[in-house]
Amino acid sequence: MVFVPSIAVTLAAALSLTPVLVFGHPGEQYGKREAMEEMGNAHVVSTMNRRALESCQNSPAVKARKERAIARRAETFARLRRERNLENAPWLHRRDAESLQRYAALSHDQTGLYDFNPNTPNEDIFGANTSCILTPDNANGPYFVYQEHIRSEITEGVVGVPLHLEVQFIDVQNCEPAEGILIDTWSCNATGAYSGVSARGEGGLGTTYLRGVQQADADGVVSFDTIFPGHYQGRATHQHLIAHVGAEILPNGTYTGGAVAHLSQLFFDQALRDAVEATAPYSTNTIPDTTNLADWFTGYAATPDYDPFPNYIMLGGSLDDGLFVWAELGLNTSSNWTYYAPYASTWKEGGGYDNPNFDFMAVAFPPPTHG
């Protein structure tokens, strides 16, 4: 991906040199003072929703959901190993700025972190990240494609480290699974190029690799088979997520309408990133790597209560065997952050088309519920 300077550098320069920024809403002016005020108030909504969750953590329904999550992850791990003929193979088990550094110092590898073996209780391996905490919203980025396919297998033969992603979404209003919402996910390939967009250096409007949509099941769970993302200029390795509420599933296997209630980016342990980047085809990427701590947007992803790095386990003794990655995200299904999620293009049979009204400034900043 050709993206110089980075969004972060561009916005920093704009805030420092320009007294007033004009945003996509007609007549709206957004200056440096307003930006600083938003930064100062960023945690208000998150804190209010988090307090609402605290009262339901010990309810029988929440405890039962956590038990189901542990059992589901254990079965998924076993199934993925069976499908890859790895049943007898050894397996490896593993912010605001201050919050991000704290979480970045942790290992989320459920592979070699402890002396796990086939007799280790599933709760010890798969019980991590099952708390109901509001997930900070993040900036959407400029490469969201509207009306993508509803599917779980999104690899399309793209080469990279196989990654099975499972994400559970919990509504912070009632601490219940967000059943029925549509989850959009996308990432760049191993060398930093996105599908579905016409920007220079990307895959083009006729491509759809590493993009897909799933409807959350009764436990609020979606899963995707993809690859570990690559990196590009100015950004740490990340996976995009959008939650659509009230969208309609169309007969052609896509969707339309609804409101965007949540925007996320998942990040990955630096040690895991380094190991993946040493393998082909990631190692052919000549774009300089950006660490998690140096990325402008990772700070939006962490709070003192929320860890933006998902847990993972290697399915076998090698990265080639693949990764199982899981996370639980809390969202408010009554939120409407659609303004922050303009789409760069729309998918269409035979090739998509650009959005002539794309608002770059809207994707550069997150909603006020960021970290």
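Thresholds applied
- Residues numbered from 1 in each chain as written.
- Predicted model: local features only at pLDDT ≥ 70, side-chain atom pairs only at ≥ 80, totals over all residues.
- Heavy atoms only, no water.
- Helix = DSSP H or I, 4+ residues; strand = E, 2+ residues; numbered from the N terminus.
- Buried < 20%, exposed > 50% of the residue type's maximum accessible area, 1.4 Å probe, protein only.
- Pairing = 2+ DSSP bridges.
- Phe/Tyr/Trp six-rings, centres within 6.5 Å; stacked < 30°, edge-to-face > 60°.
- Contact = heavy atoms within 4.5 Å.
- Polar contact = N/O pair within 3.5 Å; in protein donor to acceptor, adjacent residues only side chain to side chain.
- pLDDT = per-residue confidence, 0-100.
- Salt bridge = Lys/Arg side-chain N within 4 Å of Asp/Glu carboxyl O.
- Arc of directions from axis to C-beta.
- Core = buried A, V, L, I, M, F, W, Y, C linked by side-chain atoms within 4.5 Å.

**Student:** Describe the overall build of the protein chain, listing the residues and the values that go with them.
**Tutor:** Scanning the protein chain from N- to C-terminus turns up 9 helices and 16 strands. Relative to its full complement of 371 residues, the protein chain shows a buried share of 55%.

**Student:** Give a description of unusual backbone geometry that names residues and reports values.
**Tutor:** Cis geometry is adopted by the peptide bond preceding proline 281, which originates at alanine 280 and carries an omega value of 5°. Residue position: proline 281 is located in the loop between helix H7 (270-277) and helix H8 (298-301). Although it is not a glycine, asparagine 85 adopts a positive phi angle of roughly 55°. By secondary structure assignment, the location of asparagine 85 is in the loop between helix H4 (60-83) and helix H5 (97-104). On the accessibility criterion, asparagine 85 (71% relative accessible area) is exposed. Phi at glutamate 156 is positive, roughly 55°, even though this residue is not glycine. Here glutamate 156 lies in the loop between strand E3 (145-146) and strand E4 (162-171).

**Student:** Can you lay out the sheet that holds strand E16 (residues 353-354) for me, pointing to particular residues and giving the numbers?
**Tutor:** The strand order across the open sheet formed by 3 strands is E3-E15-E16, and the pairing between neighbours is mixed. The open sheet terminates on both sides in strands that have one partner only, identified here as E3 and E16.

**Student:** Give me the pairing of strand E13 (residues 311-314): which residues, what numbers.
**Tutor:** Two faces make up the sheet, and in a regular strand the side chains alternate between them. Taking every second residue as pointing to the same face, both faces of E13 are buried, with Asn311 and Ile313 on one and Tyr312 and Met314 on the other. Here 4 bridges tie E13 to strand E14 (residues 323-331), and the two strands are oriented antiparallel to one another. Bridge assignment links asparagine 311 to a residue of E14, and that residue is tryptophan 326.

**Student:** Any details on the packing of aromatic side chains? Residues and values, ideally.
**Tutor:** This structure, assessed with the given rule, holds 9 aromatic pairs. For the ring pair tyrosine 143 and tyrosine 194, a centre distance of 5.2 Å and an interplane angle of 40° mean the geometry is tilted. Here tyrosine 194 lies in the loop between strand E6 (182-186) and strand E7 (211-215) and tyrosine 143 lies in the loop between helix H6 (122-126) and E3, a separation of 51 residues in the sequence. Assessed through its relative accessible area of 1%, tyrosine 194 is described here as buried.

**Student:** Residue-level account of the environment of glutamine 168, with values.
**Tutor:** Here glutamine 168 is to be found in strand E4. Discounting residues that sit within four places of it in the chain, glutamine 168 has contacts with Arg65, Ala69, Arg72, Arg73, Asp219, Gly220, Val221, Ala327, Glu328 and Leu329. Within the structure, glutamine 168 has its side chain in polar contact with the backbone oxygen of aspartate 219 (distance 2.8 Å).

**Student:** Tell me what's going on with the confidence of the model for the protein chain, and back it up with residues and numbers.
**Tutor:** Looking at the protein chain as a whole, its pLDDT mean stands at 79, while 71% of the residues score no less than 70. Every residue in residues 1-43 scores below 50 in pLDDT, and together they form 60 contacts with partners more than four places removed in sequence or on other chains.

**Student:** Mind laying out the pattern of salt bridges, listing which residues take part and the relevant values?
**Tutor:** It is possible for side chains bearing opposite charge to pair when their charged atoms get close. Considering all chains together, one arrives at 9 salt bridges under this definition. In this structure, the salt-bridge partner of glutamate 166 is arginine 73, at a minimum N-O distance of 3.4 Å. Judged on exposure class, the residue glutamate 166 and its partner arginine 73 are both buried. A salt bridge links glutamate 156 to arginine 151; its shortest N-O distance comes to 2.8 Å. Salt bridges sharing partners connect three or more residues here, namely Arg68, Arg72, Arg73, Glu166 and Asp219.

**Student:** Describe the pairing of E4, with residues and values.
**Tutor:** Burial runs high along E4: 9 of the 10 residues are buried. Bridge analysis of E4 against strand E8 (residues 221-227) gives 7 bridges, and the strand direction is antiparallel. Paired with valine 167 across the two strands is valine 222, which belongs to E8. Bridging between E4 and strand E5 (residues 176-177) involves 2 bridges; their strand directions are antiparallel.

**Student:** Can you tell me about the environment of alanine 190, naming the residues and giving the values?
**Tutor:** Inspection of the secondary structure assignment puts alanine 190 in the loop between E6 and E7. What makes alanine 190 buried here is its relative accessible area of 2%. Residues alanine 190 and histidine 231, spaced 41 residues apart in sequence, show a C-alpha to C-alpha distance of 7.1 Å. Ignoring any residue separated from it by four or fewer positions in sequence, one finds alanine 190 in contact with Val159, Ile227, Gly230, Pro281, Tyr282 and Asn285.

**Student:** Can you explain H7? Please cite residues and give values.
**Tutor:** Residues of H7 that are buried: Leu272, Arg273, Val276 and Glu277. On an axial view of H7, the arc spanned by its buried residues comes to 130°, and they lie on one face. Contacts from the buried residues of H7 go to E13 and E14.

**Student:** So what's going on with the side chain of threonine 237? Which residues, and what values?
**Tutor:** Considering the arrangement of structural elements, one finds threonine 237 in the loop between E8 and strand E9 (238-245). Engagement of the side chain of threonine 237 in a polar contact is seen with the side chain of arginine 273, the distance being 3.1 Å. Once residues lying within four places of it in the same chain are set aside, the contact partners of threonine 237 are Phe228, Pro229, Gly230, His231, Leu266, Phe267, Phe268, Arg273 and Glu277.

**Student:** Got a sec to walk through the nonpolar core? Specific residues and values, please.
**Tutor:** Of all hydrophobic cores here, the largest spans 34 residues; its most connected members are Phe169, Ile181, Phe228 and Leu323. Elements supplying a minimum of two residues to this core: E4, E8, E9, strand E12 (259-267), H7, E13 and E14. Residue contacts for phenylalanine 169: discarding those within four places in its chain leaves Pro177, Ala178, Ile181, Ile183, Asp219, Gly220, Val222, Leu241, His262, Leu329 and Leu331. In terms of nonpolar packing, the next biggest core, distinct from the first, is built from 21 residues, Phe144, Leu263, Ile287 and Tyr340 among them.

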